[in-house]
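Residue-level listing of the chains:
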Amino acid sequence: MQRLNGKHVLLGVTGGIAACKSADLVRRLREAGAEVRVVLTEAGARFVTPLAFEALSGHPVAGRMFDPQGRGAMEHIDLARWADVILVAPATAHTIARLSHGLADDLLTTICLASSAPLALAPAMNRQMWDNPATRANVERLRERGAHLFGPADGELACGESGMGRMLEPTQLAELLAGLFAAPLLAGVRVMVTAGPTLEDIDPVRYIGNRSSGKMGYAVAAAALQAGAEVTLVSGETCLSPPCGVTVVRVRSAAEMYAAVMQRVTHCDIFVGAAAVADYRPVRRAGQKIKRDRVRMELQLERNPDILGEVSALDRRPFCVGFAAETERVTEHARAKMSGRGLDMIAANRVGEPDSGFESDTNSLEVLWNGGGEAIPLATKERVAQRLVELIAQRYGKRPFAGSTG
Ligand code: PMT
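Residues numbered from 1 in each chain as written. Predicted model: local features only at pLDDT ≥ 70, side-chain atom pairs only at ≥ 80, totals over all residues. Heavy atoms only, no water.

## Details of the packing of helix α9 (residues 215-226) against helix α13 (residues 381-397)
And step 1. Closest axis-to-axis distance for the α9/α13 pair is 8 Å, and the angle between their directions is 50°. In terms of orientation, α9 lies oblique with respect to α13. The handedness of the crossing between α9 and α13 is right-handed. Between α9, through Lys215, Met216, Ala219, Val220, Ala223, Ala224 and Gln226, and α13, the contact on the second element is made entirely by Lys381, Glu382, Val384, Ala385, Gln386, Leu388 and Val389.
And step 2. When its residues are assigned to classes, the contact of α9 with α13 shows nine nonpolar, two polar and three charged. (Axes fitted to C-alpha atoms, helices over the stretch in contact; angles between N-to-C directions. Helix = DSSP H or I, 4+ residues; strand = E, 2+ residues; numbered from the N terminus. Parallel < 35°, antiparallel > 145°, perpendicular 65-115°, else oblique. Left-handed = near helix turned anticlockwise from the far one by under 90°. Contact = heavy atoms within 4.5 Å. Nonpolar A, V, L, I, M, F, W, Y, C, P; charged D, E, K, R; others polar.)

Quick look at the structure:
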């Protein structure tokens, strides 16, 4: 577990049943070395008493603005300055909405507004509330302003339903919070990511394509950037806006992607092939639109270069991570792809299902490397990409020649 030694954690506890887990969270944060002060909203105090948090944190609990028991009119400013980080757990839909709109109608929201400390939110709510476009917009607005979203997780909810909306466990939250203070995992590392589909032209109006939206590859690029890497994104045609700060090279066909990658890959340390590269292309691209005068026609195809295979075969090769899109025997096929191309790691996903693989906003991966692996459970592609990048950073750090800059 990463440490929070000496860090001042201001824990905001709002009114949801998950507030019961926040008592344990205080314990976990203190075990990690943090000093914790709790701000309990009025609704939060209906679920857990201030006394419990006082006993666990070793500090009086702050609650209301202008509390005669508090430290006077400037208590919100004192606490805002004291905090190295603010964690709101649970963060209810109502609190998220208030924070998103910059309201300062109680002590917790006022502190959040008055503090320059990083803000982390651990949402907990019914799945319909989480899916509601109003909540999504509020969350996005907070994320754009730099707030860290920890969760929610998929699972059984207090309301009896099951789905996204469960607060992460206290140990996970303490771990994620400590991660905010850790040195960036890929600082100074150059990462190239391929993303999206390749389109293979048949004539000026038709092409062979596939269903890749680019979401997975773009999420990997964003996660690598967040981990401190210098990122080049070689992207097939998508409707997505690339993450700010990434160098983007746009391509259409597999041949163009191959050229773009090979031209730049010797300058990179890690290569991640998330693109859905067409295995075949038409032998000839007709100069004019093909007419429908024939009853039957044959299209002759030839094999495209294997970009990942060629990168992996380079003398001065980067750390190579492939993806495997499979509809059956996922692990077996992925292992064969990894060993066939001599890859360092492969991320296998099941395609052809609504929640994972192509086009969806969520995915799950089975990540394999020589002698090990980890299953990343179904979550948003952003979250899955963050965990994948953590695994890549770990394995990259453990490679035999780690430490030499090459
Ligand atoms: O873009 P999304 O809609 O978010 O969907 C995500 C995804 C399903 C496209 C992504 O998660 C994924 O699985 N990408 C790899 C798709 C693919 O082409 O898989 P494959 O099993 O056919 O290829 C294996 C690996 O070889 C891949 O890393 C691929 O980039 C690479 N390859 C394939 C063919 C080729 N000619 N050159 C390659 O480099």
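On we go from here.
## So, the site of the ligand
And step 1. Residues in close proximity to the ligand total 27 residues, the closest being Ser212, Ser213, Gly273, Lys337 and Asn349.
And step 2. Here an oxygen atom of the ligand sits 2.7 Å away from a polar atom, N or O, in the main chain of Ala275.
And step 3. Taken by itself the ligand offers 770 Å² of open surface, and the protein chains cover 95% of this.
And step 4. The cavity where the ligand resides is the second largest pocket.
And step 5. With four residues, the single largest contributor to the shell around the ligand is strand β16 (residues 319-326). (Near = heavy atom within 4 Å. Polar contact = N/O pair within 3.5 Å; in protein donor to acceptor, adjacent residues only side chain to side chain. Areas by Shrake-Rupley, 256 points an atom, 1.4 Å probe, with all protein chains shown as cover. 1 Å grid on protein atoms, 1.4 Å probe; cavity = no way out; pocket = protein on both sides within 12 Å on 5 of 7 lines; lining within 4 Å. Sits in = over half its atoms within 2 Å of the grid points.)

## Focus: the domain arrangement of the protein chain
And step 1. Looking at the protein chain, the domain boundaries give domain 1 (2-179) and domain 2 (190-398).
And step 2. Computed from C-alpha atoms alone, the centre-to-centre distance between domain 1 and domain 2 is 38 Å. (Domains from an automatic or database assignment.)

## Quick notes on the sheet that holds strand β4 (residues 119-123)
One key point about sheets: their strands pair by backbone hydrogen bonds, in either a parallel or an antiparallel sense.
And step 1. Read from one edge of the open sheet, five strands run β2-β1-β3-β4-β5, paired in parallel fashion. In the strand order of this sheet, the two ends are held by β2 (35-40) and β5 (148-149), each with one partner.
And step 2. For strand β1 (residues 8-13) and strand β3 (residues 85-91), the ladder comprises four bridges, and the chain directions are parallel. Among the inter-strand pairings, Leu10 is bridged to a residue of β3, identified as Ile86. (Pairing = 2+ DSSP bridges.)

## Observations concerning the packing of helix α3 (residues 75-82) against helix α5 (residues 107-114)
And step 1. Close contact between α3 and α5 brings their axes to 8 Å; oriented N to C, the two are set at 55°. Our classification of the angle between α3 and α5 gives oblique. In the packing of α3 onto α5, the handedness of the crossing is right-handed. Taking contact as the criterion, the partners of Glu75, His76, Ile77, Leu79 and Ala80 in α3 are, on α5, Leu107, Thr110, Ile111 and Ala114.
And step 2. Taken together, the residues of the contact of α3 with α5 break down into six nonpolar, two polar and one charged.

## Section: empty space enclosed by the protein
And step 1. Scanning all chains against the criterion turns up two cavities of 30 Å³ or more.
And step 2. Put simply, the second largest cavity is a space of about 40 Å³.
And step 3. Forming the walls of the second largest cavity are Leu186, Val191, Val193, Val220, Ala224, Ile270, Val272, Val389 and Ile392.
And step 4. Secondary-structure elements contributing two or more residues to the lining of the second largest cavity are β8 (190-195), α9, β13 (270-273) and α13.
And step 5. Of the residues assigned to the lining of the second largest cavity, the class counts are nine nonpolar, no polar and no charged. (Points joined across faces, edges and corners; volume = space filled by probe spheres on them.)

## Topic: the pattern of salt bridges
And step 1. If you walk through the whole model with that rule in mind, you get 24 salt bridges.
And step 2. Linking Lys21 and Glu169 is a salt bridge whose minimum nitrogen-to-oxygen distance equals 3.1 Å. Taken together, the residues Lys21 in helix α1 (residues 19-31) and Glu169 in the loop between β7 (162-166) and α8 (170-179) connect sequence positions 148 residues apart.
And step 3. Residue Arg329 is joined to Glu332 by a salt bridge in which the shortest nitrogen-to-oxygen separation is 2.9 Å.
And step 4. By relative accessible area, which is 47% here, Arg329 ends up partly exposed.
And step 5. A relative accessible area of 46% places Glu332 in the partly exposed class. (Salt bridge = Lys/Arg side-chain N within 4 Å of Asp/Glu carboxyl O. Buried < 20%, exposed > 50% of the residue type's maximum accessible area, 1.4 Å probe, protein only.)

## Comments concerning the pairing of strand β17 (residues 345-350)
And step 1. The buried fraction of β17 is high, at five of six residues.
And step 2. Direction of pairing for β16 relative to β17: parallel, over a ladder of six bridges. Bridged to Gly322 within β17 is Ile346.
And step 3. Handedness of the crossover is the feature at issue here: the chain leaves β16, passes through helix α12 (residues 330-341), returns alongside β17, and the resulting connection is right-handed. (Right-handed = clockwise from strand over helix to strand, strands pointing away.)

## Description of the sheet that holds β17
And step 1. Ordered by their spatial adjacency, eight strands build an open sheet running β12-β11-β8-β13-β16-β17-β18-β19, and the pairing between neighbours is mixed. Every interior strand has two partners, whereas the edge strands, β12 (247-250) and β19 (372-380), have only one. Neighbour-to-neighbour, the strand axes of the sheet open up by a mean angle of 15°, direction not taken into account.

## What to know about the nonpolar core
And step 1. Of all hydrophobic cores here, the largest spans 38 residues; its most connected members are Leu186, Val191, Val220, Ile270, Val272, Phe323 and Leu388.
And step 2. A total of eight residues in this core trace back to one element, the largest contributor, which is α13.
And step 3. Val38, Leu87, Ala120 and Ala178 belong to the second-largest nonpolar core, a separate cluster that totals 31 residues. (Core = buried A, V, L, I, M, F, W, Y, C linked by side-chain atoms within 4.5 Å.)

## A short note on the layout of surface pockets
And step 1. Each pocket or cavity is described by its volume, and for the second largest pocket that value is around 830 Å³.
And step 2. As for the second largest pocket, its lining consists of 38 residues, and the residues nearest its centre are Ala275, Ala276, Val277, Phe323 and Ala325.
And step 3. Among the secondary structure elements, those contributing two or more residues to the lining of the second largest pocket are α9, β13, α11 (307-312), β16 and α12.
And step 4. Across the lining of the second largest pocket, the residue classes break down as 17 nonpolar, 13 polar and eight charged.

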